[in-house]
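Observations on the three-dimensional arrangement
So the chains spell out like this:
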Amino acid sequence: MEKQKIDTISFTAGTWPPDPDRVTLLFIHGSGASSVLWDAQVRALADAFNTVALDLPGHGASDGPGLDTIAGYTAAVMA
């Protein structure tokens, strides 16, 4: 597994960069958690898929404060 950061979002990937010929599985934690929640899945599925578990803003190793709305987190992930 590899720890990476793009802009302010930190994430764990099974392998990096992703293989464009594979399906990518994106794991997103719930309130109060972090990407660590998904470590076993990222590792176990990495041979068959691109696996990525991210830390939402204000969680885990991501920068910045937590956000107030789901729409705000959605925009951060999409960016």
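Preceding this paragraph is the structure being described.
Now for a look at the structure at hand. Residue positions are given per chain, counted from 1 along the sequence in the order it is written. Selection of residues for local features in this predicted model requires a pLDDT of at least 70, selection of side-chain atom pairs for listing and counting requires 80 or more, and totals for whole chains, interfaces and linings are taken over all residues. Water and hydrogen atoms were dropped before computing side-chain values, which therefore reflect all heavy atoms in the structure.

1. Some points on the overall build of the protein chain
Helix numbering and strand numbering both begin at the N terminus, where a helix is a DSSP run of H or I of at least 4 residues and a strand a DSSP run of E of at least 2. Scanning the protein chain for helices and strands turns up two helices and four strands. Along the protein chain, helices (α) and strands (β) appear in the sequence β-β-β-α-β-α when read from the amino end. Over its C-alpha atoms the protein chain spans a radius of gyration of 12 Å, differing by no more than 12% from the 12 Å that the globule rule assigns to 79 residues. For the protein chain, the C-alpha atoms occupy an extent of roughly 35 × 20 × 20 Å along the three principal directions. Within these notes, the globule rule equals 2.2 Å times the number of residues to the 0.38 power, and the radius of gyration is based on C-alpha atoms.

2. A closer look at the pattern of salt bridges
Basic side-chain nitrogens of Lys or Arg form a salt bridge, by our definition, when they fall within 4 Å of a carboxyl oxygen of Asp or Glu. What the rule picks out here adds up to one salt bridge. Among the salt bridges present, the one from Asp63 reaches Lys5, with a minimum N-O distance of 2.9 Å. Separated by 58 residues along the polypeptide, Asp63 in the loop between strand E4 (50-55) and helix H2 (70-78) and Lys5 in strand E1 (residues 2-6) bring together distant segments of the chain. The exposure class assigned to Asp63 is partly exposed, which follows from its relative accessible area of 36%. Relative accessibility decides the category of a residue: with a 1.4 Å probe and only protein chains considered, values under 20% of the type maximum give buried, values over 50% give exposed, and everything between is partly exposed.

3. Let's talk about the sheet that holds E4
A pair of strands is labelled paired if DSSP reports no fewer than 2 bridges between them. Read across the sheet, four strands follow the order E1-E2-E4-E3 without closing on themselves; strand pairing throughout is mixed. The open sheet has two edge strands, E1 and strand E3 (24-28), and neither has a second partner. For this sheet the average axis-to-axis angle between neighbouring strands, irrespective of direction, equals 30 degrees. Where E1 meets strand E2 (residues 9-13), five bridges bridge the pair, whose relative direction is antiparallel. Considered in E2, the bridge of Lys3 is made with Thr12. Note on geometry: axes are lines fitted to C-alpha atoms, helical ones only across the stretch in contact, with angles between N-to-C directions running from 0 to 180 degrees.

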